[in-house]
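Listed here are the chains, written in short residue letters.
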Amino acid sequence: MPESIGFSGHPAQSAGATLATLRAAALECTRCPLAEGRTQVVFGSGRADADLMFIGEGPGANEDASGVPFVGRAGTLLTQLIEGIELTREDVYIANVVKCRPPNNRDPLPLEIAQCAPWLDRQLRLVAPKVVVTLGNFATKSLLETTDGITKLRGREFPFRRGGVDAILVPVLHPSAILRNGGKALADARADFVLIKHRASSLVP
Ligand code: URA
Ligand code: SF4
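What counts as what
- Residues numbered from 1 in each chain as written.
- Chains lettered and ligands numbered in written order.
- Predicted model: local features only at pLDDT ≥ 70, side-chain atom pairs only at ≥ 80, totals over all residues.
- Heavy atoms only, no water.
- Core = buried A, V, L, I, M, F, W, Y, C linked by side-chain atoms within 4.5 Å.
- Buried < 20%, exposed > 50% of the residue type's maximum accessible area, 1.4 Å probe, protein only.
- Helix = DSSP H or I, 4+ residues; strand = E, 2+ residues; numbered from the N terminus.
- Contact = heavy atoms within 4.5 Å.
- Expected span 1.5 Å × (residues − 1).
- Bend = angle between axes of the 7 residues up to and from the residue.
- Salt bridge = Lys/Arg side-chain N within 4 Å of Asp/Glu carboxyl O.
- Near = heavy atom within 4 Å.
- Polar contact = N/O pair within 3.5 Å; in protein donor to acceptor, adjacent residues only side chain to side chain.
- Areas by Shrake-Rupley, 256 points an atom, 1.4 Å probe, with all protein chains shown as cover.
- Nonpolar A, V, L, I, M, F, W, Y, C, P; charged D, E, K, R; others polar.
- Phe/Tyr/Trp six-rings, centres within 6.5 Å; stacked < 30°, edge-to-face > 60°.
- Lys NZ or Arg CZ within 6 Å of the ring centre and 35° of its normal.

With that settled, consider the nonpolar core. Counting 34 residues, the largest nonpolar core has Leu19, Met53, Ile55, Tyr93, Leu124, Val132 and Leu143 as its most contacted members. Put simply, the parts of the chain that give this core at least two residues each are helix 1 (11-26), strand 2 (52-56), strand 3 (93-96), helix 5 (110-127), helix 6 (136-144), strand 5 (158-162) and strand 6 (165-172). With six residues, the top contributor of residues to this core is helix 5. When near neighbours in sequence (up to four residues on either side) are disregarded, Leu19 contacts Phe43, Ala48, Tyr93, Gln123, Leu126 and Val127. Listed in part, the 24 residues of the second largest apolar core include Leu52, Ile85, Val172 and Ala189.

Printed below as a string of structure tokens:
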């Protein structure tokens, strides 16, 4: 099991090696029915010891084809928002609540989320981010265990403890929703990213 692998040497390298081991195991996962329809598991990408971790809903068609989260149009916008606060995708870690594409991009079902949760828990524990950013309504509801909507929650800070992680969580609009709504949604997202950057820097020792 990944947890039993000892940490030695540089902590970041060890976390990276262990995340690689976890990834290799996840790529074979058939724990839930989404395994049947996927092309490949989209585990996550970015820096193994990132201070900032973004969590989306689940892979779409582009991600299912490439194996990398957020690479379609929404992904391009996410990349631009990250670069807008003078970071790159390589500085942060990006993952999804479920790792395999739901058929026709439907919302993941409770059983699928529950079966996939141990992968996300282990990712959270290994990356140990200071700030967790949930992208959109679905990831926010799933991680904050709230029924409040994203328009009410976005840009606010919540304490987040899960999988041994003690962080703050900031919900933001999903990049797909920003693409659909434009204007004010984009301005709101940009403002939320400035807050995220500020919180991540102020929490780094
Ligand atoms: N939308 C998501 O929630 N995740 C992805 O990886 C891509 C699009
Ligand atoms: Fe496994 Fe998660 Fe993919 Fe389901 S969605 S098969 S639990 S990796």
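Another aspect to go through is helix 5. Over its 18 residues, helix 5 runs 25 Å from end to end, which matches the ideal 26 Å to within 8%, given 1.5 Å per residue. At Cys116, helix 5 shows its largest kink, close to 40°, and the proline Pro118 lies no more than four residues downstream. All buried positions along helix 5 are accounted for by Glu112, Cys116, Ala117, Trp119, Leu120, Arg122, Gln123, Leu124, Leu126 and Val127. Where helix 5 terminates, the next one or two residues include Ala128, which has phi positive at roughly 50°.

On to the pattern of salt bridges, then. What the rule picks out here adds up to ten salt bridges. The closest approach of N and O atoms between Lys152 and Asp148, which form a salt bridge, is 3.4 Å. Each of Arg154, Lys184, Asp188 and Asp192 takes part in one network of salt bridges that share partners.

Attention now goes to the site of ligand 1. As a matter of local geometry, ligand 1 sits amid Gly56, Glu57, Gly58, Glu63, Pro69, Phe70, Asn96 and His174. The backbone of Glu57 places a nitrogen or oxygen atom 2.8 Å from an oxygen atom of ligand 1. Within the backbone of Phe70, one N or O atom sits 3.1 Å away from an oxygen atom of ligand 1. Protein burial of ligand 1: of its 240 Å² of free accessible surface, 91% is covered by the chains. Across the shell around ligand 1, the residue classes tally to two nonpolar, four polar and two charged.

Before going further, it helps to examine the packing of aromatic side chains. Note on aromatic pairs: each is described by the distance of the centres and the angle between the planes. By the definition in use, this model includes one aromatic pair. Summarising the aromatic geometry, the rings of Phe54 and Phe193 are spaced 5.7 Å apart at their centres and angled 15° between planes, so their arrangement reads as stacked. With a gap of 139 residues between them, Phe54 in strand 2 and Phe193 in helix 9 (residues 183-203) connect regions that are remote in the sequence. With respect to class, Phe54 is no different from Phe193; both count as buried. The side chain of Arg122 reaches across the aromatic face of Trp119, ending 5.8 Å from its centre.

Let us look at helix 4 (residues 73-84). Here helix 4 contains twelve residues, and its C-alpha end-to-end distance of 17 Å stays within 8% of the 16 Å for a straight helix at 1.5 Å per residue. Buried residues of helix 4: Ala74, Gly75, Leu77, Leu78, Thr79, Leu81 and Ile82, and no others.

Backbone geometry at Asn105 places phi at a positive 60°, although glycine is not the residue there. In this structure, Asn105 sits in the loop between strand 3 and helix 5. You can call Asn105 partly exposed: its relative accessible area is 45%. Positive phi, normally seen in glycine, also occurs at Glu145, with a value near 50°. Secondary-structure assignment places Glu145 in the loop between helix 6 and helix 7 (150-153).

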